[in-house]
Amino acid sequence: MKIELAQRLSKSHIPALDGIRGISAFLVFCAHAGLLPRQYGALGVAVFFVLSGFLITWLLLKENAATGTVSLKGFYIRRTLRIFPAFYAFWFLCVVTALLAGAAVNRAEVMSSFFYLGDYYNGLKGLFPAGPKGIMGMTWSLGVEEKFYLIWPWVFVKYRNDLSKLLKLVAGAMCLVWVYRIAICMLGISPVDYLRYAFESRVDNIMYGCLLAIIVKTGRFQKPLSRVTNTPLLPIFLVAGLAGSVWLEESAGPTFHYLAGMAIDALLITLLLAQFITLSSTRLWSWLEAPALRFVGRVSYSVYLYHFTVITLVNKFMGHSRWSLQVITAFCLTLTLATISYKLVERPFLLLKDRFTAEAPATLKAVPANT
């Protein structure tokens, strides 16, 4: 019996999403802890990007269908309550801890992170004299997402009643970003790693998720999408494809990543997202709904915020210990800090956030709280 993606998305709990978040957070942690090549960390971030674009767009589509409009005020209030409290608690804790410990603070990094400009700081920092070792490098991806949140709702509202045009607009924008990356890379006019971090170079990853949401809503490509999402063994080949892309970047260098890797990765991740949501009820992929993995997914935002700082501190104070012990300690501490952050900071504001969706139908509230 075939299970359609739209059918799974209509349920009160969208399956596999927390599991996918948990996997992504684990990839990022393992890359920074030295368990995996750093390219797997980039892959984990790309998953977060695609997932973010998909969920935000799906939420906007459902709100528009249910109410006939989209409240930009409500959207930005919800985003603020979801993102800012945990981030600024992390930012304040890191800065105060560093100052109390007498450690040098990279002011340029700290201030760019505060204003969600970490993507451009990371992309351009090679142009400036080296400062103290950074502690907030991972916040670059939050800068990319925040700029997307500022722009995308306005675009959506303008074209919300003409989804065919919106679909073409998104697809065209994705192609333009790809052409831009190719041109900048071939001309060699950008600083090292600029294309890896800068908003205008990475936003297409998020738009892949937007495109999937619009395709599902409009019913476009329903037959091929149904075949793709109802083939239980296909995700194995897509995962192998992602591993192959990582290997190619390791072998060929970042040029492959900029010219083709980013686009290939985002496409495979988008297909995997659709498959995992659909196939998570099957025996082969039911582990995506495992309680432990779902828990890591729920606290994944705070895991992402704190993991690098924890790894740095563990390496500093446990440098004499066995490497395996350092990794286990760093993971346990990261998960502990993330859980505390989730329960004391994130969850209270998530409950407050629900007030701004109180008039929405239950189907709207089905979108996971950690969207």
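Preceding this paragraph is the structure being described.
These numbers come from a predicted model, not from an experiment.

Student: Can you explain the layout of surface pockets? Please cite residues and give values.
Tutor: What the second largest pocket holds in volume is close to 490 Å³. What lines the second largest pocket is a set of 19 residues, and nearest its centre among them are Thr97, Ala98, Ile135, Thr309 and Leu313. When residues of the lining of the second largest pocket are traced back to their parent elements, those giving at least two are helix H4 (72-100) and helix H15 (300-317). Grouping the constituent residues of the lining of the second largest pocket by class yields 13 nonpolar, four polar and two charged.

Student: For the nonpolar core, give the residues involved together with the corresponding values.
Tutor: In this structure, Phe148, Trp152, Val170 and Leu273 are the most contacted members of the largest nonpolar core, which totals 82 residues. The dominant element in this core, judged by the number of residues it contributes, is helix H3 (residues 38-67), at 14 residues. Listed in part, the nine residues of the second largest apolar core include Ala33, Ile311, Val314 and Val327.

Student: Now, about the side chain of threonine 57: what can you tell me, with residues and values included?
Tutor: The residue threonine 57 is located in helix H3 in this model. Taking relative accessible area as the criterion, threonine 57 reaches 0% and is therefore assigned buried. In contact with threonine 57, other than residues within four places in its own chain, are Trp152, Cys210, Ala213 and Ile214.

Student: Let's hear about the packing of aromatic side chains: which residues, and what values?
Tutor: In this description, a pair of aromatic rings is defined by centroid distance and the angle of the planes. According to the stated counting rule, one finds 23 aromatic pairs in the structure shown. Measuring from ring centre to ring centre gives 6.0 Å for phenylalanine 26 and phenylalanine 331, while their planes differ by 85°; the resulting arrangement is edge-to-face. Of this pair, phenylalanine 26 sits in helix H2 (residues 17-33) while phenylalanine 331 sits in helix H16 (residues 323-353); the two residues are 305 residues apart in sequence, bridging distant segments of the chain. Looking at phenylalanine 26, the relative accessible area reads 44%, which means it is partly exposed. On the accessibility criterion, phenylalanine 331 (29% relative accessible area) is partly exposed. Measuring from ring centre to ring centre gives 5.8 Å for phenylalanine 49 and tryptophan 140, while their planes differ by 85°; the resulting arrangement is edge-to-face. Taken together, the residues phenylalanine 49 in helix H3 and tryptophan 140 in helix H7 (residues 140-159) connect sequence positions 91 residues apart. By relative accessible area, which is 8% here, tryptophan 140 ends up buried. Chaining the aromatic ring pairs together yields one cluster made of Phe84, Phe87, Tyr88, Phe90, Trp91, Phe114, Phe115, Tyr116 and Tyr306. Sitting over the ring of tyrosine 149, arginine 79 keeps its end group 5.0 Å from the ring centre. Over the ring of tyrosine 159 we find lysine 158, and its NZ or CZ is 5.7 Å from the ring centre.

Basis of the calculations
Residues numbered from 1 in each chain as written. Predicted model: local features only at pLDDT ≥ 70, side-chain atom pairs only at ≥ 80, totals over all residues. Heavy atoms only, no water. 1 Å grid on protein atoms, 1.4 Å probe; cavity = no way out; pocket = protein on both sides within 12 Å on 5 of 7 lines; lining within 4 Å. Points joined across faces, edges and corners; volume = space filled by probe spheres on them. Helix = DSSP H or I, 4+ residues; strand = E, 2+ residues; numbered from the N terminus. Nonpolar A, V, L, I, M, F, W, Y, C, P; charged D, E, K, R; others polar. Core = buried A, V, L, I, M, F, W, Y, C linked by side-chain atoms within 4.5 Å. Buried < 20%, exposed > 50% of the residue type's maximum accessible area, 1.4 Å probe, protein only. Contact = heavy atoms within 4.5 Å. Phe/Tyr/Trp six-rings, centres within 6.5 Å; stacked < 30°, edge-to-face > 60°. Lys NZ or Arg CZ within 6 Å of the ring centre and 35° of its normal.

Honestly, that's just the spatial picture; any functional story needs more than this.
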